[in-house]
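# Structural features, examined
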Amino acid sequence: IIYDVGCQWCIHFAKCVANCLGLSLPEQSQVLAAVGKFHLSAHKLPCFARFSLNFIQGAGQVDDEILETLWASFNKISPTARSMSKCHRQEILDDHMRDSNWKKLVGL
């Protein structure tokens, strides 16, 4: 699981799952924590070797920051969306996301 603070989040993950009646992990499963490349540079040096995607077998070369790159466009509409009903806000955010995806698809 790639998370900005995966190095801290993974410390008590198994205990939290065990204490929650609605969650379970399959037997023989292994959950690996990683920190995205953008955030890893701000962590302590020991985090790099343990949580870098460069050293996790099968992880591939991803930056795991795609959602954060979309926030800038959402920041422009957030003041307007804040005053909308929940359904209307969801519709507007979906429309902006679809527009963003379409522009990427057609290369604008």
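Before any of the text, the structure's been laid out above.
Empty pockets left among the atoms are what a rolling probe the size of a water molecule brings to light. Estimated volume of the largest pocket: approximately 170 Å³. For the largest pocket, the full set of lining residues is Cys10, Phe13, Ala14, Leu25, Val31, Leu32, Ala33, Arg50, Phe51 and Ile56. Contributions of two or more residues to the lining of the largest pocket are made by α2 (13–19) and α4 (45–51). Tallied by class, the residues present in the lining of the largest pocket amount to nine nonpolar, no polar and one charged.

Time to look at the side chain of Ser52. Along the polypeptide, Ser52 turns up in the loop between α4 and α5 (66–82). Since its relative accessible area comes to 1%, Ser52 is described here as buried.

We now examine the nonpolar core. The biggest cluster of nonpolar side chains holds six residues, and these are Cys7, Ala33, Val35, Leu40, Cys47 and Phe51. In this view, Cys47 contacts Cys7, Leu40 and Ser52; residues no more than four positions away in its chain are not counted.

This paragraph deals with the pattern of salt bridges. Going through the model one piece at a time under the given rule, you end up with two salt bridges. The salt bridge involving Arg98 is made with Asp95; its shortest N-O contact spans 2.9 Å. In this pair, Arg98 and Asp95 are both assigned in helix α6 (residues 86–106), three residues apart and thus about one turn of the helix distant. For Arg98, a relative accessible area of 51% translates into the label exposed.

The phi dihedral of Gln28 is positive, around 65°, even though this residue is not glycine. Along the chain, Gln28 turns up in the loop between α2 and α3 (37–40).

The next point concerns α6. The α-helix winds at 3.6 residues per turn, so residues separated by three or four positions along the chain end up facing the same way. The end-to-end C-alpha distance of α6, which contains 21 residues, comes to 30 Å, matching closely the 30 Å that a straight helix rising 1.5 Å per residue would cover. Gly107 sits one or two positions beyond α6 and adopts a positive phi of about 75°.

Cut-offs applied
- Residues numbered from 1 in each chain as written.
- Predicted model: local features only at pLDDT ≥ 70, side-chain atom pairs only at ≥ 80, totals over all residues.
- Heavy atoms only, no water.
- 1 Å grid on protein atoms, 1.4 Å probe; cavity = no way out; pocket = protein on both sides within 12 Å on 5 of 7 lines; lining within 4 Å.
- Points joined across faces, edges and corners; volume = space filled by probe spheres on them.
- Helix = DSSP H or I, 4+ residues; strand = E, 2+ residues; numbered from the N terminus.
- Nonpolar A, V, L, I, M, F, W, Y, C, P; charged D, E, K, R; others polar.
- Buried < 20%, exposed > 50% of the residue type's maximum accessible area, 1.4 Å probe, protein only.
- Core = buried A, V, L, I, M, F, W, Y, C linked by side-chain atoms within 4.5 Å.
- Contact = heavy atoms within 4.5 Å.
- Salt bridge = Lys/Arg side-chain N within 4 Å of Asp/Glu carboxyl O.
- Expected span 1.5 Å × (residues − 1).

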